[in-house]
Amino acid sequence: MLGTDFRTGSPNWLDLGSPDTDAAAAFYGRVFGWEFASAGPEAGGYGFFRLGGRTVAALGPLNEEGARSAWMVHFQSPDADATARAVRDAGGTVRMEPMDVMGEGRLAQFTDPQGAEFAIWQPAKTGGLEVASEENTLVWVELHVPDSDADIAFYAGVFGWRHSEMQAPGMRYRVLSVADGDQEEGSFGGVAQEEGADGTSRWVPYFRVVDVDATVAAVQDGGGSVVVPAADVPQVGRIAWAADPAGAVFALLRPDPRM
């Protein structure tokens, strides 16, 4: 599961681009109990989701023409410019060149060869999320693509990620780990050899919850929708996929206590 001892390639930031940030803040406040705090007038509407005073994610308006509301997973990079070169060399696309963010860190955004969007964060004053793998926080990230072998090779070239096989019903599933240290301890996500539930290649954030079914009900009460109904997955836990009122997809997980 995820922690906040970030290393190269670790998911270290997560943000949501939304066409209506006020509505998004209200929705996620209702579902997860998050509070929204603006980063200030110079941040262009960007701000932080906090739980118990700790940053669990961020929220900002959509800035790209034609962009759809979506969650963006960021991975730690020690050198954003070198990572951008590695993305290009491996066949990916640089959607936003590396840029400094008010002294907090350095940011860039990319698209992998199969169309899944992701970003990197090179920490400066802001190291990353302040809490993960606790109730109502990020616990796992998952890549859904039609050719997992090709994308695993791409990300291995960019971040040096390792992977291992895992039995999963109806799909080929690989668990991803950062390049250094114990492989199991360094796991943070997975790759499923299938397209997303609506046919989109993408990264999906999973949030840990106590009761998946109750959280799904809160999603629906708040104007969101169910993408994949709640189900038990052996040796993993209870899972559901949902979408917020603007269509941004995320997942819920109650881990199997034996894991």
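Above this note sits the structure.
Conventions we followed
- As a convention, each chain's residues are numbered from 1 in the sequence order in which they are written.
- For a predicted model such as this one, the threshold for reporting local features is a pLDDT of at least 70, and the threshold for listing and counting side-chain atom pairs is 80 or more; totals across whole chains, interfaces and linings nevertheless cover every residue.
- Side-chain numbers here rest on the full set of heavy atoms in the structure, without hydrogens or water.
- Per-residue accessibility, obtained with a 1.4 Å probe over protein chains only, is compared with the maximum for each type, and a residue is labelled buried under 20%, exposed over 50%, and partly exposed between these values.
- Only DSSP runs of H or I with at least four residues qualify as helices, and only runs of E with at least two residues qualify as strands; both kinds are numbered from the N terminus onward.
- By definition, two strands form a pair when at least two bridges between them are found by DSSP.
- Each pair of aromatic rings taken from Phe, Tyr and Trp, with Trp reduced to its six-membered ring, is defined by centres within 6.5 Å and is described as stacked if the planes are under 30 degrees apart, edge-to-face if over 60, and tilted in the remaining cases.
- Put simply, a salt bridge is a Lys or Arg side-chain nitrogen that is within 4 Å of an Asp or Glu carboxyl oxygen.

Caption draft 1: Local environment of the pairing of strand β13 (residues 202–208). When you tally the buried positions in β13, you get six out of seven residues, the bulk of the element. By the bridge criterion, six bridges tie strand β9 (residues 138–145) to β13 in an arrangement that is antiparallel. Among the inter-strand pairings, W140 is bridged to a residue of β13, identified as Y206.

Caption draft 2: Broad picture of the packing of aromatic side chains. Overall, the coordinates contain 35 aromatic pairs when judged by the stated rule. Taking 5.1 Å as the distance between ring centres and 20° as the angle between the ring planes, the aromatic pair formed by F159 and W161 counts as stacked. Taken as a pair, F159 and W161 share a single burial class, namely buried. What links up through ring pairs into an aromatic cluster is the set F27, Y28, F32, W34, F36, F49, W71, F207 and F250.

Caption draft 3: Representation of the pattern of salt bridges within the structure. Enumeration over the complete set of coordinates arrives at 14 salt bridges. Here R7 makes a salt bridge to D180, at a shortest N to O gap of 3.8 Å. With R7 in the segment before β1 (11–18) and D180 in the loop between β11 (171–177) and β12 (187–193), this pair connects stretches of sequence that are 173 residues apart. Classification of D180 as partly exposed rests on a relative accessible area of 39%.

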